[in-house]
Amino acid sequence: MSPQTASRKLTLADIADVRAYEREREDYRRRIIELKKRRRVSVGPFVTLVFESRETIRFQIQEMARIEKLVSDEAIEGELRAYNPLIPEPGCLSATLFVELTSDEGLREWLPKLVGIERSVELSFGDSVVPCIPEEGHDEQLTRDEVTAAVHYIRWELDPGQVEQFAAGPVTLRVRHPNYDEAQSLSPETVAELLGDLRP
């Protein structure tokens, strides 16, 4: 593991205790909302991807600790084990995929239709098409033969040449599923943001 890779993972020292976090939360939450605007991409009518980073995952762990009143090192370490794999290492991108349906009727209709969506997302740029890889630690919990989950964790692995093609753009994010075939070009702002994940 390279030093750059090691430094991206969160440790106990990165997670503020509940009282300390409460003091910083308002400003920190505002910064994360602004950050996520550059990292959120809607693809079609109801699929959204949020590209994760060290900061978005730290925010998720801090919020979970706050809501669930996790105060022991052991409890926080459990969250770190669950969520550290979602922090992209150089050459990788990581995203949370949301099926954003608000009605029970919509969920009942579409979650069975979208089985396999966590294997159906690709990035295309230059002469490359890079398929996503489901995040192994969560995949078994979220994937069923007859119905999918509304949230999935996926990643992409790019070689150095592909990283440079990605930088040159344009970049298209596509969901290529039998029941949902939609594409969205990434904005220059989002491409620039994600290059910070891809490059050491």
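Residues numbered from 1 in each chain as written. Predicted model: local features only at pLDDT ≥ 70, side-chain atom pairs only at ≥ 80, totals over all residues. Heavy atoms only, no water.

Digging into unusual backbone geometry
Along the chain, G169 connects to P170 via a cis peptide bond; the corresponding omega equals -10°. Take P170: it is sitting in the loop between helix 7 (160–168) and strand 8 (172–177). Not every positive phi belongs to a glycine, and K69 is a case in point at roughly 55°. Examined against the element boundaries, K69 turns out to sit in the loop between helix 3 (54–68) and helix 4 (73–83). (Helix = DSSP H or I, 4+ residues; strand = E, 2+ residues; numbered from the N terminus.)

Looking at the environment of I32
Its place among the elements puts I32 in helix 2 (residues 18–39). On a C-alpha basis, the gap between I32 and F59 in space is 7.4 Å, while along the polypeptide they are 27 residues apart. Leave out the neighbours within four places in its chain, and I32 touches E55, T56 and F59. (Contact = heavy atoms within 4.5 Å.)

A word on the pairing of strand 1 (residues 40–43)
Side chains of strand 1 alternate between two faces, with V41 and V43 buried and R40 and S42 left unburied. Here 4 bridges tie strand 1 to strand 2 (residues 47–51), and the two strands are oriented antiparallel to one another. Residue pairing across strands places V43 opposite V47, the latter belonging to strand 2. In textbook terms, the turn of a hairpin is the stretch between consecutive antiparallel strands, and for strand 1 and strand 2 this stretch comprises 3 residues, one of which, G44, has a positive phi near 75°. (Buried < 20%, exposed > 50% of the residue type's maximum accessible area, 1.4 Å probe, protein only. Pairing = 2+ DSSP bridges.)

Some thoughts on the pattern of salt bridges
In total, this model carries 18 salt bridges according to the counting rule given. Put simply, R38, R39, E193 and D197 are held in one network by salt bridges that share partners. (Salt bridge = Lys/Arg side-chain N within 4 Å of Asp/Glu carboxyl O.)

Thoughts on helix 7
Considered for burial, the residues of helix 7 that qualify are Q162, V163 and F166. Take helix 7 and look down its axis: the buried residues cluster within an arc of 105°, on one side only. Residues P160 and A168 are exposed on helix 7 and point more than 90 degrees away from its buried face. Two to three positions downstream of the cap, the backbone nitrogen of G161 sits 3.1 Å from a side-chain oxygen, assigning the N-cap of helix 7 to D159. One or two positions beyond helix 7, positive phi appears at G169, with a value near 60°. (Arc of directions from axis to C-beta. Polar contact = N/O pair within 3.5 Å; in protein donor to acceptor, adjacent residues only side chain to side chain.)

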